[in-house]
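Tertiary structure, described
Chain by chain, the residues run as shown.
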Amino acid sequence: MRPTPTRARALTAAAVVGVVAATGAVAVATSASAAAGCRVDYSANQWSNGFTGNVTVTNLGDPISGGWNLTWSWAGNQQITQGWSATIAQSGANVTATNPGWASSLGTNGTANFGFNANYSGTNAAPASFSLNGTVCNGSTGSPSSSPSTSTSPSTSTSPTTKVDNPYAGARGYVNPEWKAKAESVTGGSRVSNNPTAVWIDRIAAINGTSGSSSNGSMGVRDHLDAALAQGAGYIQFVIYNLPGRDCAALASNGELGVNELPKYKTDYIDPIAAIQADAKYKALRIINIVEIDSLPNLVTNVGSQAGATATCDTMKANGGYVQGIGYALSKLGALGNTYNYVDAAHHGWIGWDSNFGPTADIMLEAARASGNVKNVHGFITNTANYSALRELFVQPSTSVNGQSVRQSKWVDWNQYTDELTFAQAFRTKLVSIGFDSGIGMLIDTSRNGWGGAARPTAASTSTNVDTFVNESRIDRRIHAGNWCNQSGAGLGERPTAAPASGIDAYVWVKPPGESDGSSTLIDNDEGKGFDQMCDPAYAGNARNGNSMSGALPNAPISGAWFPAQFAQLMANAYPAL
Ligand code: BGC
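Cut-offs used in this document
- Residues numbered from 1 in each chain as written.
- Predicted model: local features only at pLDDT ≥ 70, side-chain atom pairs only at ≥ 80, totals over all residues.
- Heavy atoms only, no water.
- UniProt positions renumbered as here; feature names shortened; annotations may be inferred.
- Near = heavy atom within 4 Å.
- Polar contact = N/O pair within 3.5 Å; in protein donor to acceptor, adjacent residues only side chain to side chain.
- Nonpolar A, V, L, I, M, F, W, Y, C, P; charged D, E, K, R; others polar.
- Core = buried A, V, L, I, M, F, W, Y, C linked by side-chain atoms within 4.5 Å.
- Buried < 20%, exposed > 50% of the residue type's maximum accessible area, 1.4 Å probe, protein only.
- Contact = heavy atoms within 4.5 Å.
- Salt bridge = Lys/Arg side-chain N within 4 Å of Asp/Glu carboxyl O.
- Helix = DSSP H or I, 4+ residues; strand = E, 2+ residues; numbered from the N terminus.
- Disulfide = S-S within 2.5 Å.
- Axes fitted to C-alpha atoms, helices over the stretch in contact; angles between N-to-C directions.
- Parallel < 35°, antiparallel > 145°, perpendicular 65-115°, else oblique.
- Left-handed = near helix turned anticlockwise from the far one by under 90°.

As recorded in an unreviewed UniProt entry, the protein chain goes by the name Glucanase, listed as coming from Actinoplanes sandaracinus. You can read under Sequence similarities (unreviewed entry) in the UniProt record for the protein chain the words "Belongs to the glycosyl hydrolase family 6."

Here you go:
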C-alpha cells in the first residue's frame with residue numbers, strides 16, 4: 001500500500017478583489033453603498049502608504065443633467081494627490097468629485113466611473129457613505145432596508161440572510177494588524193504585509209485574546225471583527241482549530257483539549273465564537289470559518305494497522321470526537337446568513353492516492369451530515385499550512401519518460417495527482433458526486449507554496465531516468481512530499497486572489513507566512529504543544545515521509561510563534577517574485 005503521508009499544515013488566507021497590482025501591491029477593497037437614488041462601488045488597491053481608488057456611481061433616481069458631484073469624507077488621513085475621469089477636490093477630510101466637462105448628465109441607471117491616487121498612513125478604511133448631488137447613496141430606490149440587493153457589493157448591501165456563492169468575489173479581505181506588524185518587522189516585509197491572512201482561534205483563551213503569549217496576538221475574535229469593520233473589509237477569515245485530541249498524528253500542534261473533551265469544545269469554544277459572530281453589528285461582513293485543520297483525513301490515513309497509525313488517531317476515530325466536533329461547529333457556525341464554512345481537506349500529497357481519496361470524501365460527508373445539513377459546508381480548503389506546489393508544469397500524472405509514467409517515480413509514488421490545483425478540482429468533483437451541494441467551492445492555501453528562487457526549474461529535465469527526470473523537473477523542492485515542518489527553500493505562493501480558476505473560490509493565505517510550524521527542539525510552553533521530530537533538521541524520518549530527512553529549518557520556535565528567518569526565506573523565494 002501507499003505510504004500514508006500525513007499532514008499538511010500551515011497556511012494563510014487573503015483575499016482579494018479586483019486586481020492585484022504588480023510589485024506587491026495588494027488589492028483591497030470593494031464595497032458599495034448608495035442612497036435612495038444612487039449606489040457606489042468603491043475599491044482601493046493599496047500598498048504601504050498609498051493607494052489607487054476606483055469609484056463607480058450608479059444613478060438610481062431621476063435623470064441628472066447639468067452636472068453631478070459625488071461627495072464623501074475620509075475616516076482616516078487619506079489625501080488624494082491625483083484624479084482622472086472626474087475633477088477631484090479635497091478639503092480636510094471632505095472630498096468632492098465633479099463630473100468631467102464631457103459627461104455632465106447621468107441618466108436613470110446610468111453609471112460614471114473615475115479614479116484617483118492617494119496617500120495615507122495608519123488604516124485605510126473605505127468611506128462609510130457617499131452622496132450624489134447631496135443625496136446619500138444607499139443603493140436602492142425604494143425602502144432601503146427591505147429588499148435584498150444582489151447587485152451591490154458585500155459590506156453594506158448583501159442581505160444578511162442570503163449567502164453569496166463566492167464570499168471572496170468582489171470583497172476586500174481583512175488584514176490582521178498583528179500579523180502585519182510582525183511582517184513589517186522583517187526587512188522588506190511591507191511588500192506583502194497588506195495581504196489578508198487568517199486569524200487562528202487556536203485555543204479557548206484566543207477567543208478573548210491572550211496576553212504575554214509567545215504565539216498569539218492580544219486581539220480576540222471581537223477585536224478582529226471590529227477592526228475589520230473599521231477597515232471597511234468585505235470578509236474576514238478565522239481558523240477554527242481546537243478539537244479534542246487535536247493533531248492526532250503529529251505533536252507540534254497538539255492542543256489544550258484532551259481526547260474526551262468534546263463537551264468542553266462545544267460549550268467553551270464553539271458556542272462563544274458563534275455568539276460573537278452572530279452579533280448583528282457584524283452582519284454586513286462575510287465571516288469565513290476554516291474548520292479544523294489536519295483532523296478528518298487523519299482518521300483515514302493514520303489509524304488501525306497503517307504504518308503511520310497513532311494511538312490518539314485511533315481514539316479519535318473510535319470516540320467520534322472529530323466527526324461530532326466538526327458537525328457541531330458546522331451547524332453552529334453555518335447557521336448565520338453571513339458565515340461561510342470551509343472544511344479542511346488535506347492536500348494532494350496526503351490523500352491523492354485512490355486508497356485515501358474516496359474514504360476521505362466519505363468522512364467529510366459523515367461530518368457534514370452530523371451537522372444536520374450538508375449545506376452547512378460552503379466549501380473546502382486544501383494545502384492549509386502545507387507546501388504542495390499549485391501547479392507542476394513539467395510533471396503531470398500523464399507525463400511519461402522513456403516509456404515510464406512519472407507515477408512510477410519515487411517522488412510521485414503512484415499518486416494520482418502531482419499538484420494542488422488539479423487535486424482540489426478533482427476532489428471538488430468527487431465531493432459533489434457523493435452528496436455535497438453542487439455550489440461548493442475550493443480554497444487553496446498558497447501562503448508558502450511558491451518555490452521560486454534559483455532552484456526553481458524553468459524547463460523539463462532531459463533525463464531519461466524517471467526519478468532523475470522528476471527530481472530535476474518538479475517545482476516542489478521538498479525532500480519528500482510528506483514533509484510539512486518549516487520547509488527549507490519554500491517561498492510565498494500566489495497572492496490571495498478571488499475566483500482564480502474553475503471550482504476555486506480563492507487562493508488564500510490561511511497560514512500566516514512567518515509563523516512557525518513547530519519547534520526544532522523541545523520548548524516548554526503552556527499551549528499543549530509538543531515537540532515533533534519532523535521539525536528537527538537532523539531527523540531522518542519515519543513511515544509517513546518515506547524515512548527521509550525532515551527538510552526543516554533550524555532554530556524554529558513553537559508552532560504559531562513568529563519565525564523571522566523563515567519569513568525572510570519565504571520572501572526571497574516568493575513565486576511570483578516580489
Ligand atoms: C499552530 C497555531 C497557530 C497556527 C498559525 C498552528 O500550527 O498550532 O497555534 O495559530 O499554526 O500559525
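Next comes the rest of the description.
1. Quick notes on the site of the ligand
Around the ligand sit 12 residues, and of these Asp202, Ser253, Lys511, Glu515 and Lys529 come closest. Between the ligand and Lys529, the relevant distance is 2.6 Å, taken from an oxygen atom to a side-chain nitrogen or oxygen of the residue. Tallied by class, the residues present in the shell around the ligand amount to three nonpolar, three polar and six charged.

2. Focus on the nonpolar core
Across soluble globular proteins, nonpolar side chains have a tendency to be buried as a group. Judged by nonpolar contacts, the single largest core of 70 residues is most densely connected at Ile201, Leu225, Tyr265, Leu296, Phe380, Phe427 and Phe436. With residues up to four places along the chain from it excluded, the contact list for Phe427 reads Ala345, Ile351, Phe357, Thr360, Ala361 and Met442. Listed in part, the 26 residues of the second largest apolar core include Val40, Val95, Ala112 and Phe114.

3. Let's talk about the pattern of salt bridges
This model, assessed by the stated rule, comprises 15 salt bridges. Note that Asp202 and Lys529 form a salt bridge whose closest N and O atoms lie 3.7 Å from each other. Highlighted residues: Asp202 in the loop between strand S12 (199-201) and helix H3 (205-208) and Lys529 in the loop between strand S21 (504-508) and helix H13 (564-572), separated in sequence by 327 residues. With relative accessibility at 9%, the residue Lys529 sits in the buried group. Between Glu527 and Lys529 there is a salt bridge whose closest N-O contact spans 2.7 Å. Among the residues examined, Glu527 registers a relative accessible area of 5% and is labelled buried. When salt bridges that share partners are traced, they join Asp202, Arg203, Glu527 and Lys529 into one network.

4. Focus on the state of the cysteines
If you walk through the whole model with that rule in mind, you get three disulfides. Each disulfide pairs two cysteine sulfurs, and for Cys248 the partner residue is Cys313, the sulfurs being separated by 2.0 Å. Residues Cys248 and Cys313 are joined by a disulfide whose S-S torsion is about 95°; by sign, that bridge is right-handed. A residue pair is termed long-range when its members are at least 10 positions apart, and Cys248 in the loop between strand S13 (235-240) and helix H5 (262-277) and Cys313 in helix H7 (residues 311-319) qualify at 65 residues. With respect to burial, Cys248 and Cys313 carry one shared label: buried.

5. A few points about the packing of helix H10 (residues 354-370) against helix H11 (residues 420-434)
For the pair H10 and H11, the least separation of the axes is 10 Å and the interaxial angle reads 55°. As far as their axial angle goes, H11 and H10 are oblique. For the pair H10 and H11, the sense of crossing is right-handed. Only Phe423, Ala426, Phe427, Lys430, Leu431 and Ile434 of H11 make contact with H10, whose side of the interface consists of Phe357, Gly358, Thr360, Ala361, Asp362, Met364, Leu365 and Arg369. Looking at the contact of H10 with H11 residue by residue, the classes come out as nine nonpolar, two polar and three charged.

6. Brief notes about the UniProt feature "active site" (unreviewed entry) in the protein chain
Under the UniProt annotation, "active site" (unreviewed entry) lies at Asp247. Mapped onto the fold, Asp247 is located in the loop between S13 and H5. On the accessibility criterion, Asp247 (2% relative accessible area) is buried.

7. A few points about the packing of H5 against helix H8 (residues 321-334)
Viewed as axis vectors pointing N to C, H5 and H8 meet at an angle of 20°, and their least axial separation amounts to 10 Å. Comparing their axes, H8 and H5 come out roughly parallel. As H5 runs across H8, the sense of the crossing is right-handed. Across the interface between the two elements, Leu262, Tyr265, Lys266, Ile270, Asp271, Ile273, Ala274 and Gln277 of H5 pack against Gly321, Gln324, Gly325, Tyr328, Ala329, Lys332 and Leu333 of H8. Of the residues in the contact of H5 with H8, the class split is eight nonpolar, four polar and three charged.

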